[in-house]
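The residues making up each chain are set out below.
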Amino acid sequence: MSGVVTGDAVVLGLQPARLPSRALAVLIDLVVVWTGYLLVTFGLAVATASLDEAAMTAVSIASFLLVLVGAPIAVETLSHGRSLGKLACGLRVVRDDGGPIRFRHALVRGAMGVVEILLTFGVIACIASLVSERGRRIGDVFAGTLVVRERIPAARALVVPPPPPWLVGRFAGLDLSAVPESLWLEIRQYLTRARELDAFVGRRLAERLADELVARTGTPPPPGVPADAFLAGVVAERQARDSRRAFAPSPEGLAAAPAASVVAPVVVPPVVPVVPVVPAAGAVSEESGPRATGFAPPA
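Rules used throughout
- Residues numbered from 1 in each chain as written.
- Predicted model: local features only at pLDDT ≥ 70, side-chain atom pairs only at ≥ 80, totals over all residues.
- Heavy atoms only, no water.
- Helix = DSSP H or I, 4+ residues; strand = E, 2+ residues; numbered from the N terminus.
- Buried < 20%, exposed > 50% of the residue type's maximum accessible area, 1.4 Å probe, protein only.
- Contact = heavy atoms within 4.5 Å.
- Areas by Shrake-Rupley, 256 points an atom, 1.4 Å probe, with all protein chains shown as cover.
- Expected span 1.5 Å × (residues − 1).
- Polar contact = N/O pair within 3.5 Å; in protein donor to acceptor, adjacent residues only side chain to side chain.
- Patch = residues over 30% accessible without salt bridge, like charges linked within 9 Å, V, L, I, M, F, W, Y side chains within 5 Å.
- Salt bridge = Lys/Arg side-chain N within 4 Å of Asp/Glu carboxyl O.

Draft legend 1. Summary view of the overall build of the chain. When its secondary structure is counted, the chain shows 10 helices and 3 strands. Reading the helices (α) and strands (β) of the chain from amino to carboxyl end gives β-α-α-α-β-α-α-α-β-α-α-α-α. Taking all 299 residues of the chain together, 29% fall into the buried category. Contacts in the chain between residues far apart in sequence, at least 24 positions, make up 67% of those at least 6 positions apart. Total accessible area computed for the chain in this model is approximately 20,100 Å², and 67% of it derives from carbon and sulfur atoms.

Dropping the structure here:
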């Protein structure tokens, strides 16, 4: 089922609720409301036992309107479209343009719900939801509201398709600094959904995006290269640059690495072994003085 589209042709990320989830939410709300209504009715019956029949009838009608009609309206108004059942089923009531509902929206839904749900046991509401394209009952149509799903499974991440192999690396010298992020976003969205578009519409869109990219970079595509292949090649080049920039070492790390690796060498002087000198036999020591020879100098 498609998402909600506003009057300005803007697609909102809202998914209309289906009949089974809405029926379960209404069933939870009815159990809670009827339980409260029976408790209030029993309390009022005990408290107004001394009143006459007309007074008791008036009290019964007032309790019916306040509990079964007024309470759901107040809850939807204060919670901006989330009753207890809708909260349990992950649903919410919003306006046709996706905005939160107000008191007048809840009032119209509650008043029509008396006929659609309470008096006909939900038969009219089920038939109207089945006939409606977006699953709206009559109260939603008159109030200008829609029940949408709040808990939507996460969509699978869309991957930009790679360029043709013969285009890889051909845009390495392209200056991409003047290309704004908004244009990159448009190009990525086109590339991820190109297969879903009509052939003529996709080709026109690719040519328009390629012209804007050429105007920003100042470099036309190579001759014979289609517009979609040119866009894919330029996007792949930007992703490669971002990857190199993300995984490249920082300048501080490059400057600190050589300084940490250079260590001053420690000079160790050579060890010279000391060999003791032993005088030879008959050698004369200088410290022992001249040896006595028996010669006496003349007086």
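Draft legend 2. Expanded view of helix α9 (residues 227–247). For α9, spanning 21 residues, the distance from its first C-alpha to its last is 30 Å, which sits close to the expected 30 Å at 1.5 Å a residue. Along α9, the residues that are buried comprise Ala227, Ala229, Phe230, Leu231, Ala232, Gly233, Val234, Val235, Glu237, Arg238 and Arg241.

Draft legend 3. How the structure looks around the side chain of Thr145. Relative to the helices and strands, Thr145 resides in strand β3 (residues 145–149). A polar side-chain atom of Thr145 sits 2.8 Å from a polar atom in the side chain of Asp140. When neighbours within four sequence positions are excluded, Thr145 is seen to be in contact with Val93, Val94, Arg95, Asp96, Ile101, His105, Arg109, Arg136, Gly139 and Asp140.

Draft legend 4. Representation of unusual backbone geometry in the model. Its identity as a non-glycine residue notwithstanding, His80 has a phi of 55°, on the positive side. Take His80: it is sitting in the loop between α2 (53–78) and α3 (84–89). Of the residues examined, His80 reaches a relative accessible area of 42% and is grouped as partly exposed. The phi dihedral of Phe121 falls on the positive side, at around 55°, and the residue is not glycine. For Phe121, a relative accessible area of 77% translates into the label exposed.

Draft legend 5. Representation of a nonpolar patch on the surface within the structure. On the surface, Phe121, Val123, Ile127 and Val131 cluster together to form a nonpolar patch covering roughly 480 Å² of accessible area. With respect to the helices and strands, Val131 occurs in helix α5 (residues 123–131). Residue classification places Val131 among the exposed residues on the basis of a relative accessible area of 68%.

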